[in-house]
Amino acid sequence: MKWTRRDLLKGLGGLPILGAVWWVGASSAVYNKKERLEILNQLNIRPSLQSAVPHIGGAPINVGIIGFGIRGEQLCRSLGFATKEWMEEMRIEAEEDPNNKVLEDFLKQDRLNINLVGVCDVFDVRAKKALNSFSTSENKIKRYASYKDMIHSGEVDAVVIATPDHWHAPMAIEALNSNVHVYVEKPMTHTVQETYALRTAVEQSDAVFAVGHQHRQTLSFKTARDIVEKGTLGHVSLIQTNTNRNDDNGAWNYDIHEMANTQTIDWEQFLGSAPKIPFNKNHFFRWRKWWAYGSGLSGDLLTHDYDRLNCVLNMGIPDSVSTSGGIYTHNDGRNVPDVLQVNMEFPRYSVGSSQSKGKEIGMTFCYSATLGNGFNRPTILMGHDATMELGNKLTIWPDGSSTRYADMLENGKMQPNIPIYQYNPGATVPDAISSATSQYFADKGLMWTYIDGVRVDSTFLHMREWLSVIKNGGKVSCGIKEGFEEAISAHMAGLSWKLGRKIEWDANQEVLKPITGVDFDEVLLSNGQVEMVPIVMEKI
Amino acid sequence: MVNGKRERRVKISITLLRIFIGWHFLYEGVVKLYNPDWTSFGYLASAQGPLKPLFALLTQETFLDWVDALNITALIVVGFTLILGIFERKGALVGIGLLSLYYLAHPSFPGLHQINVEGNYWFVNKNLIELVACILIYNFPTSQFFGLGYFMKGKLTKIENYEMD
């Protein structure tokens, strides 16, 4: 058989096309990879892996829970104890929506080596709810009439404190003095004086003390720390972080239980150091709205953002804080502001600089909050060389006028509007020069955080770390140093709003710079802003 | 003669279509093959429509590597068969299968939020059109006109005769 050239062309014509497509596809993929590696090498960022927690062995730790409200229930779930009511509710939700994996995730959660032995709540309904769900014939759970009874019973090794803010320090101090381990919710304290007293108590106690800033377990924040320390962002001069909520729950108008009355609630015990007022259900269930028990945006939500950034930057207590805001969205009798702007000044702080020595130093941390709008404003760290969006995932964009990346920007290897690095603990690999697609997925929160294929709740990790330190020694990631910085910074913000002036911190003496005629704790506990100013003026 | 000319034009058109679809599949496959970081996770995790649970299931670690490897292999197989013109009908079937999955993962149904699309679609989108083009290729094989199928037994003579017409 003889083949003509025409035969060969018609028979084998596809071959050169195949070769060309293959060659171009392969070389462009390899080239892109090389370019990406070049940027990754230049950035030299190491994504954090979940740190291994030593086994919590030996006899189970006997844990008592003080405060079994909304947060108390959540903390118990992280410890592995969910109420029957919640399980049923979640079962129904999962039936209605197969994507609801809350119950499934809870059941998959690793068991912690603890016994829940006691509960303490001044509202009978809540205490009974805990007993009803957690007390079994093998493991009887005791209800204690007061936290002191529980701490001194000798039956608890550790307590979890999830009460209104004004009870955090008195309970924690009582426990620490008895060498009972403490996990306390944020804000760590309710007054300035308590913050010092608690620090002393921790220093003098053998017990392990942890503050409930569970986000310290979030892998992206650990990676963000590495990014900042390597100078990827250059000198960070401004941090913008926000709270945006626009619903009743977000504004702390929680449900008032139908069975709440003077018979079912130990009102005197709830009040504690707070001003003696007649029984008030509104105050009991919605305590976050009054300075007497809570601290509003500055103590409740600013603390999250402050500690998140303190975890990344380790910036400590600001030299000064100026706050403004008011009650603009929920004028319902509350005395804590619902719109708040806090500017914290760190004039001596620096994460390093890519420019001439001494040119760049100092940073402002700007927290902006409203309870009347739900638009999601991201947390942004603004550096001379790059901008980082901080969340469960991290995204970094180079700055068009960066010194560090000037060459790469010049020759087109970087562009200001295209991220140079994206980190997502849920994805398999860090993604440099992210495509619009992967950015979209990440923005939508579709890339969940997995550890060994299981979605994990950070509160569980945080409590596990605390329990591990109790058993094995070591250091908790949010202990007294971090808690002290968080509490003082939050109190400075609250004081500044109340007094309508700048509050300063003396870092050498570790005290708030005094203001003549002002007792800071009296101001913090007083009702709101408007009444306070004239009183202070009178004193002066 | 007139019919012969028209038939030839149709053959050339379908051959072009075949090669271009093969080209498209091959390029997608090769780029993924040479990028070890590539994964279908995002595409599957964001799936919508009636088969969403199935695609979500595939994102599990146990399946994902297989899904990725199978996808790359299938893309390259379709590319080879359609460009080279050999086993093109089998290739077209594989192409139809892949495109059905792509379509169903992100169907252009009214009421579903369209993500990662550069145009506006109502039921019919580019995946679906490419799928129909694969059906055409399945039904009108052209490998004996252009491709390795040309060397199939008996065809040479026939075409030689045809050329002498």
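This is a predicted model, so every value here is computed, not measured.

*Asks:* Whenever I open this one, the side chain of A:Arg216 confuses me. Can you help?
*Replies:* Relative to the helices and strands, A:Arg216 resides in the loop between strand 6 (209–211) and helix 10 (219–229). A:Arg216 has contacts with A:Lys222, A:Asp307, A:Asn310, A:Cys311, A:His462, A:Ser477, A:Cys478 and A:Glu482, leaving out every residue within four places of it along the chain.

*Asks:* How should the nonpolar core be read in this particular structure?
*Replies:* Note that soluble globular proteins tend to have their nonpolar side chains buried in a common cluster. Residues and elements named next belong to chain A. Ranked by internal contacts, the top residues of the largest apolar core, which has 68 residues, are Leu 313 and Phe 365. For this core, the element with the highest residue contribution is helix 18 (residues 480–499), accounting for seven residues. The residues contacting Leu 313, other than those within four sequence positions of it, are Val 228, Ile 239, Tyr 349, Val 351, Met 363 and Leu 381.

*Asks:* What is the right way to look at the environment of A:Arg377 in this model?
*Replies:* Residue and element names in this part refer to chain A. With respect to the element layout, Arg 377 can be found in the loop between strand 10 (363–370) and strand 11 (379–383). C-alpha of Arg 377 to C-alpha of Asn 244: the two residues are 133 residues apart in sequence and 7.4 Å apart in space. Ignoring any residue separated from it by four or fewer positions in sequence, one finds Arg 377 in contact with Asn 242, Thr 243, Asn 244, Ser 368 and Ala 369. Within the structure, Arg 377 has its side chain in polar contact with the side chain of Asn 244 (distance 2.8 Å). Only 2.9 Å separates the side chain of Arg 377 from the side chain of Ser 368, close enough to count as a polar contact.

*Asks:* Got a minute to help me understand the side chain of B:Glu88 in this structure?
*Replies:* Here B:Glu88 lies in helix 5 (residues 88–105). In this structure B:Glu88 touches B:Arg18, B:Thr81, B:Leu82, B:Ile137, B:Pro141, B:Thr142 and B:Ser143, once residues within four positions along its chain are discounted.

*Asks:* What should I look at first to understand the sheet that holds strand 11 of chain A in this one?
*Replies:* Working definition: the strands of a sheet are paired by backbone hydrogen bonds and lie parallel or antiparallel to each other. All names here are of chain A. Strand order in the open sheet formed by 10 strands is 14-13-12-11-7-10-9-8-17-18, with mixed pairing between adjacent strands. Edge positions in the sheet fall to strand 14 (421–423) and strand 18 (511–512), since each has one partner strand and no second. Relative to strand 10, strand 9 (residues 339–346) is paired through eight bridges, and the arrangement is antiparallel. By the bridge assignment for strand 10, Met 344 is matched with Phe 365. In this fold helix 14 (residues 302–313) packs onto strand 7 (236–244), strand 9, strand 10, strand 11 and strand 12 (386–390), with an angle of close to 150° to the strand it touches most, strand 10.

*Asks:* Looking at this structure, I do not really get the packing of aromatic side chains. What am I missing?
*Replies:* Ring pairs (aromatic) are described by centroid distance and by the angle formed between their planes. Residues and elements named next belong to chain A. Within the structure shown, the criterion is met by 25 aromatic pairs over all chains. Summarising the aromatic geometry, the rings of Tyr 196 and Phe 484 are spaced 5.4 Å apart at their centres and angled 75° between planes, so their arrangement reads as edge-to-face. Of the two residues, Tyr 196 is situated in helix 9 (residues 192–204) and Phe 484 in helix 18; the sequence distance between them amounts to 288 residues. A relative accessible area of 22% places Tyr 196 in the partly exposed class. Between the aromatic rings of Trp 291 and Trp 497, the centroid separation amounts to 6.1 Å while the plane-to-plane angle is 25°, which identifies the pairing as stacked. Note that Trp 291 is positioned in the loop between helix 12 (281–285) and helix 13 (296–300) and Trp 497 in helix 18, a separation of 206 residues in sequence. Through a chain of ring-to-ring contacts, the aromatic side chains of Phe 123, Trp 267, Phe 270, Phe 279, Phe 284, Phe 285 and Tyr 293 assemble into a single cluster. Its guanidinium or amino end placed over the ring of Phe 106, Arg 111 lies 6.0 Å from that ring's centre, counting from NZ or CZ.

*Asks:* Looking at this structure, how should I read the confidence of the model for chain A?
*Replies:* The predicted structure's coordinates, where accompanied by low pLDDT, should not be read in detail. Residues and elements named next belong to chain A. Scored by pLDDT, chain A comes out at a mean of 89, with 91% of its residues at no less than 70. This model gives residues 428–450 a pLDDT under 50, and the stretch forms 61 contacts once residues within four places in sequence are excluded. Considering only residues more than four positions removed or in separate chains, one finds that residues 530–540, a stretch of pLDDT under 50, has 10 contacts.

Conventions we followed
Residues numbered from 1 in each chain as written. Chains lettered and ligands numbered in written order. Predicted model: local features only at pLDDT ≥ 70, side-chain atom pairs only at ≥ 80, totals over all residues. Heavy atoms only, no water. Helix = DSSP H or I, 4+ residues; strand = E, 2+ residues; numbered from the N terminus. Contact = heavy atoms within 4.5 Å. Core = buried A, V, L, I, M, F, W, Y, C linked by side-chain atoms within 4.5 Å. Buried < 20%, exposed > 50% of the residue type's maximum accessible area, 1.4 Å probe, protein only. Polar contact = N/O pair within 3.5 Å; in protein donor to acceptor, adjacent residues only side chain to side chain. Pairing = 2+ DSSP bridges. Axes fitted to C-alpha atoms, helices over the stretch in contact; angles between N-to-C directions. Phe/Tyr/Trp six-rings, centres within 6.5 Å; stacked < 30°, edge-to-face > 60°. Lys NZ or Arg CZ within 6 Å of the ring centre and 35° of its normal. pLDDT = per-residue confidence, 0-100.

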